[in-house]
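Analysis of the macromolecular model
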Amino acid sequence: MGARPRRDPAAAAAAAPGPLAALLAAALFAAAGAQQSATVANPVSGASPDLLPHFQLEPEDVYIVKNKAVSLACRATPATQIYFKCNGEWVHQGDHVTQHSTDHSTGLPVMEVRIEVTRQQVEKIFGLEEYWCQCVAWSSSGTTKSQKAFVRIAYLRKNFEQEPTAREVSIEQGIVLPCRPPEGIPPAEVEWLRNEELVDPALDTNVYVTPEHSLVLRQARLADTANYTCVAKNIVARRRSASAAVIVYVDGAWSEWSKWSVCGAECTHWRSRECSEPTPRNGGRECHGPELDTRNCTSELCSHVVPGTEDVALYVGLVAVAVCLVLLLLVGVLLYCRKKGGLDADVADSSILTAGFQPVSIKPSKADNPSLLTIQPDLSTTTMTYQGSLCPRQDGPAKLQLPNGHLLSPLGAGRHTLHHSSPAAEGADFVARLSTQSYFRSLPRGTTNMAYGTFNFLGGRLMIPNTGISLLIPPDAIPRGKIYEVYLTLHKQEEVRLPLSGCQTLLSPIVSCGPPGVLLTRPAILAMGHCVEASAENWSIWLKKQSCEGTWEDVLQLGAEPCTELYYCQLEAQACYIFTEQLGRFALVGESLSMAASKRLKLVLFAPSACPSLEYNIRVYCLSDTQDVLKEVIQLEKQLGGQLIGAPRVLHFKDSYHNLRLSIHDMPSSLWKSKLLASYQEIPFYHIWSGLQPFLHCTFTLERLSPSTCELACKIWVWQVEGDGQSFTVNFNIAKDTRFSDWLVPDSEVGAPALVGPSAFKIPFLIRQKIISSLDPPGTRGADWRMLAQKLNLDSHLSFFASKSSPTAMILNLWEARHFPNGNLSQLAAAVAEVGKQDGALFAVSEAEC
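Remember, predicted model here, so these are calculated numbers, not experimental data. (Residues numbered from 1 in each chain as written. Predicted model: local features only at pLDDT ≥ 70, side-chain atom pairs only at ≥ 80, totals over all residues. Heavy atoms only, no water.)

**Comments concerning the overall build of the protein**
Note the following rule: Helix and strand definitions here come from DSSP, where helices need a minimum of 4 consecutive H or I residues and strands a minimum of 2 consecutive E residues; each element is numbered from the N-terminal end. The buried label goes to any residue with under 20% of its type's maximum accessible area, the exposed label to any with over 50%, and the partly exposed label to all in between, with areas taken from a 1.4 Å probe on protein chains only. Contacts are residue-level and defined by heavy atoms, with any inter-residue pair within 4.5 Å sufficient. Accessible surface is estimated by sampling points in the Shrake-Rupley manner with a 1.4 Å probe; for residues, cover comes only from the protein chains shown.
The secondary structure content of the protein amounts to 11 helices and 49 strands. When the 850 residues of the protein are sorted by exposure, 44% land in the buried category. Pairs at least 24 residues apart make up 71% of the contacts formed inside the protein by residues separated by at least 6 positions. Looking at the protein as shown, the accessible area adds up to about 43900 Å², and 55% of this sits on carbon and sulfur atoms.

**A short note on the nonpolar core**
Counted only if it meets this: Among buried residues, those of type Ala, Val, Leu, Ile, Met, Phe, Trp, Tyr and Cys that are joined through side-chain atoms within 4.5 Å constitute a nonpolar core.
Among the nonpolar cores identified, the biggest contains 97 residues, and Leu712 and Ile716 are the most heavily contacted of them. Grouped together as the second largest cluster of nonpolar side chains are 39 residues, Tyr577, Phe579, Ala760 and Trp815 included.

**Section: a nonpolar patch on the surface**
Heads up, the condition is: Surface patches are drawn from residues lacking salt bridges whose relative accessible area is over 30%; two like charges belong together within 9 Å, two nonpolar side chains (Val, Leu, Ile, Met, Phe, Trp, Tyr) within 5 Å. A pair is scored as a salt bridge if a Lys or Arg side-chain nitrogen falls within 4 Å of a carboxyl oxygen belonging to Asp or Glu.
A contiguous nonpolar patch, built from Val319, Val323, Val326, Leu327 and Leu330 and spanning about 460 Å² of accessible area, is present on the exposed surface. Position of Leu327 relative to the elements: it lies in helix H3 (residues 309–344).

**Regarding the pattern of salt bridges**
A complete count under the given rule lists 31 salt bridges for this structure. A salt bridge links Arg75 to Glu112; the nearest nitrogen and oxygen atoms lie 3.2 Å apart. Taken as a pair, Arg75 in strand E5 (residues 70–77) and Glu112 in strand E9 (residues 109–117) lie far apart in primary sequence, 37 residues in all. Classification of Glu112 by relative accessible area gives buried; the value is 13%. Arg180 is the salt-bridge partner of Glu161, the closest N and O atoms lying 2.9 Å from each other. Here Glu161, found in the loop between strand E12 (149–156) and strand E13 (167–170), pairs with Arg180, found in the loop between strand E14 (175–177) and strand E15 (184–185); they are 19 residues apart in sequence, far enough to count as distant. Given a relative accessible area of 42%, Arg180 falls into the partly exposed group. Ionic contacts of the salt-bridge type, sharing partners, join the residues Arg194, Asp204, Arg221 and Asp224 into one network.

**Here's the deal with the confidence of the model for the protein**
Note the threshold: Residue-level confidence of the predictor is summarised by pLDDT, bounded by 0 at the bottom and 100 at the top.
Of the residues in the protein, 75% have a pLDDT of 70 or more, and the chain-wide mean is 77. Residue range residues 837–850 is modelled with pLDDT below 50. Its contacts to residues more than four positions away, or to other chains, number 36 contacts.

**Details of the side chain of Ser508**
Mapped onto the secondary structure, Ser508 falls in the loop between strand E30 (504–506) and strand E31 (510–514). Setting aside anything within four residues of it in sequence, one finds Ser508 in contact with Gln493, Met528, Gly529, His530, Ala587 and Leu588.

**Description of the packing of aromatic side chains**
What counts is decided by this rule: Any two of the Phe, Tyr and Trp rings considered here, Trp counted by its six-membered ring, make a pair once their centres fall within 6.5 Å; the pair's planes then place it as stacked at under 30 degrees, edge-to-face at over 60, or tilted in between. The criterion for a charge sitting over a ring is simple: Lys NZ or Arg CZ within 6 Å of the ring centre, and within 35 degrees of the ring normal.
In this structure the tally under the stated criterion is 19 aromatic pairs. With a centroid separation of 6.1 Å and 55° between ring planes, the pair formed by Tyr621 and Phe695 is classed as tilted. Linking Tyr621 in strand E39 (residues 615–624) with Phe695 in strand E45 (residues 695–704), this pair joins segments that are 74 residues apart in sequence. With a centroid separation of 6.4 Å and 40° between ring planes, the pair formed by Phe653 and Trp689 is classed as tilted. Of the two residues, Phe653 is situated in strand E41 (residues 649–654) and Trp689 in helix H6 (residues 685–689); the sequence distance between them amounts to 36 residues. For the pair shown, Phe653 and Trp689 are each scored as buried. Among the aromatic side chains, those forming a connected cluster through ring pairs are Tyr155, Trp539, Phe653, Tyr657, Phe685, Tyr686 and Trp689. Across the ring face of Tyr686, the terminal group of Arg119 is positioned such that the distance to the ring centre comes to 4.8 Å. Geometry around Phe820 places Arg461 over its ring, the cationic atom sitting 3.8 Å from the centre.

**What about the sheet that holds strand E48 (residues 754–756)?**
Backbone hydrogen bonds hold the strands of a sheet together, and the pairing may be parallel or antiparallel. Inclusion rule: By the convention used here, strands pair only if DSSP detects at least 2 bridges between them. An axis is simply a line fitted to the C-alpha atoms; with a helix, the fit covers only the stretch in contact. Between two such axes, the angle follows the N-to-C directions and lies from 0 to 180 degrees.
Here 6 strands make up an open sheet; going across it, the order is E35-E36-E32-E28-E27-E48 and the pairing antiparallel. Either end of the sheet is taken by a strand with one partner, and the two such strands are strand E35 (567–571) and E48. Each strand of the sheet is rotated relative to its neighbour by a mean of 15°, with strand direction disregarded. Bridge count between E35 and strand E36 (residues 575–580): 5 bridges; the pairing is antiparallel. Across the sheet, residue Tyr567 finds its bridge partner in E36, namely Thr580.

**Quick notes on the pairing of strand E29 (residues 484–491)**
For E29, a buried count of 7 out of 8 residues is recorded, marking the element as mostly surrounded by other parts of the structure. Across 6 bridges, the pairing between strand E26 (residues 450–455) and E29 is antiparallel. Bridge pairing in E29 places Gly453 opposite Val486. Relative to E31, E29 is paired through 5 bridges, and the arrangement is antiparallel. The residue bridging Leu488 from the neighbouring strand is Cys513, located in E31.

**Brief notes about the state of the cysteines**
Linking two cysteines covalently through their sulfur atoms gives a disulfide. Just so we agree on the cut-off: Note on terminology: pairs of cysteine sulfur atoms within 2.5 Å are recorded as disulfides.
Throughout the structure, instances matching the rule amount to 5 disulfides. Here Cys86 engages in a disulfide with Cys133; their sulfurs sit 2.1 Å apart. In this structure, the disulfide formed by Cys86 and Cys133 twists by about 105° around the S-S bond and is classed as right-handed. Taken as a pair, Cys86 in strand E6 (residues 81–86) and Cys133 in strand E10 (residues 131–139) lie far apart in primary sequence, 47 residues in all. A single burial state applies to Cys86 and to Cys133, both of which are buried. Shown here is the disulfide that connects Cys263 with Cys297, its sulfur atoms set 1.6 Å apart. When the S-S torsion is 55°, as for the bridge of Cys263 with Cys297, the disulfide is right-handed. In this pair, Cys263 sits in the loop between strand E22 (244–249) and strand E23 (268–272) while Cys297 sits in the loop between strand E24 (292–296) and H3, placing the two residues 34 residues apart along the sequence. Of the residues examined, Cys297 reaches a relative accessible area of 25% and is grouped as partly exposed.

**As for unusual backbone geometry**
Cis peptide bonds are those with omega within 30 degrees of zero, and the linkage from Thr77 to Pro78 qualifies with -20°. Tracing the sequence through the fold places Pro78 in the loop between E5 and E6. Looking along the chain, the bond that leaves Glu277 and enters Pro278 is cis, with omega of 0°. Relative to the helices and strands, Pro278 resides in the loop between E23 and E24. In this model, Asp666 sits at a positive phi of 55°, which is unusual for a non-glycine residue. Accessibility expressed as a relative area gives 54% for Asp666, which makes it exposed.

**Regarding the sheet that holds E9**
Strand order in the open sheet formed by 4 strands is E3-E5-E9-E8, with antiparallel pairing between adjacent strands. The sheet terminates laterally at strand E3 (54–57) and strand E8 (97–102), the two strands that pair on one side only. For this sheet the average axis-to-axis angle between neighbouring strands, irrespective of direction, equals 25°. Summarising the sheet, E3 and E5 pair through 3 bridges and their orientation is antiparallel. For Phe55, the partnering residue across the bridge sits in E5 and is Ala76.

**Brief notes about the pairing of strand E47 (residues 725–733)**
Examined bridge by bridge, strand E46 (residues 711–720) and E47 share 9 bridges and lie antiparallel to one another. Paired with Cys714 across the two strands is Val730, which belongs to E47. What sits between E46 and E47 in their antiparallel hairpin is a turn of 4 residues, with Glu722 showing a positive phi close to 60°.

Laid out in structure tokens, this is it:
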């Protein structure tokens, strides 16, 4: 049970003195310096101080771990009533758990009271003040206040601010391994591990840990060669840094020279030394210089003896034997090679005969699944894998040639005729049919955030207006002879439970397309917005899909996509394009890897379009920077009669645990005044970072000092503590200014939510087929789909394109998804034209073909 503040405890404590008397007594105590602790006594005039309540147990500071509520307790004697006050407001009587007893030594009554504080209560406190609670005890002689107990949310971030690094040092040299633990409340305690064993400075005087948590080795020893790990821990979690390898090496040094040897027959003597004082260890330098020193011992007056003839004969014999062995070896090698060559001349590599045959895989549907809205697939439709090389070739003449005229000019409107059944009148019937399936019972019953249509092998497109969400069904994705009813739905986040853990955050809308389980022979492309400033160093981003059982699964990690999977994602600055062969419910979820990770927030200002009273409210919305959330806010404001009063701004909100603050400044005090009591408002970090609340807002309530005042001029600042910020300059007439209405999204976009057949695509169907047939086979000088991908800046996805039966179709499908309906066909035509030379016959489309 959470503690609920209440204003007046007098009804529950009839014997309590008036608040004025309590304040005067507290002031007198403070002035006299009598307050020796956090406990304050307020005696009643004429009462005995011995009968004032005194606390046997006072509330202490506590930390909330995850979502577990904490308990605060206090006990006083003698006491007739005890109540908690949190942040200046009384806690409701019903939230107190009270126990009565008697002190056996004095016989006085003892009262003990407990309350619970939840995480939600702590997060609701805006402003500079921390969340605190205090006990107030009453007796017939007066009141006593306990010390304040602060309640804080405990956490420990994942990433160390500084980790130890590997070191190679000479023996007896000092070593400092730095470690700055992750930010946390309470602050993390740090300990060090050496080869996974705890380093205890009390047992080793050569080691100590600085107040900044760095590990210092006063003089490196060979035994200090190990892997060192910094460990940070508090009541929430335990984090380990990356291990740092410390190598203590020893450079070699020469021993003393030995004594000179006896003078030999060659009139020389010698002396030696060894690299042993010390011997090099752990990669230390070897000794430099000669190991042996030789000198003449007769002042060069000694005559050298000429070797005898028997020695010369021995040397000549050894050379002759070696030459014979080499000749025999050469002869043996030549004979073996000649024999091997004769046999191989009659053997043919069988792989040459079968090189033209490639395996074909057929994707049958699951006939025993009653939820499939499909007929049995046409088994003549197969999928193959592209077998060409990914490396462009630079030899031979160019293959692809284009006509002189406009390549991608649209075909005549009368050349393709397709009837489809998707009028608005059938919307209720379509949703009703879907709702009979158990998987679809969570779908919205209206059609505001839903599009649907009937499609065949010609494909088509579904769009939810003003949201940036669409589903492209390419030609031949649906098997010939099949007809599917397909839907596309945007979910409100309060309707779908998406579990998040740790530092995870929702980065996109939650979108469903289906029905799930239908057979697609080519991937459909789901397009939707996101609000992440993506970088591999700061983010780990996953595509999640909800199974038919309702559980969410990670189906793809962006940046590590294997080509054999059913999913692929092209992540761009503000949108993502998901290739999927299985329809279902999708969402993008990210996990921050550092405090530099940031999300885009869109800041939007609204105010009433009419102001009949003296009060005037300015609403500042902080929402995820996606089109669907902006559409929802605009629809809400239209219902409230609001108008946009400033151009929207984008703020980069970092994963730094710091809250978002909002303040208003520079209002003419002679015309307006603000009713905000604090200097700013604050939105807690977790409310924004989780992404489960797509938009939040704060209201600034202003008051006109005169009904004739219509001009409003002020500045509104929105900033993250120690982060990015934006400033709005508001200067407009509240009665008639509508200059920002152009920023609002129109009620409807041009075109229908469902487009079927050729009308759904920018590229004419026959020209598309000719481009595919010309660019799919590997071309000379790289004049094939690989060069087209490069011209369209899609060459980072070559491995995915190559894994499909038609790489060119994948490229054109992605172009259609990215550029509909305002795509520039001339730019695509120019990219195709650069692949090869002009040839009017290659892409000529006759009237008969149309």
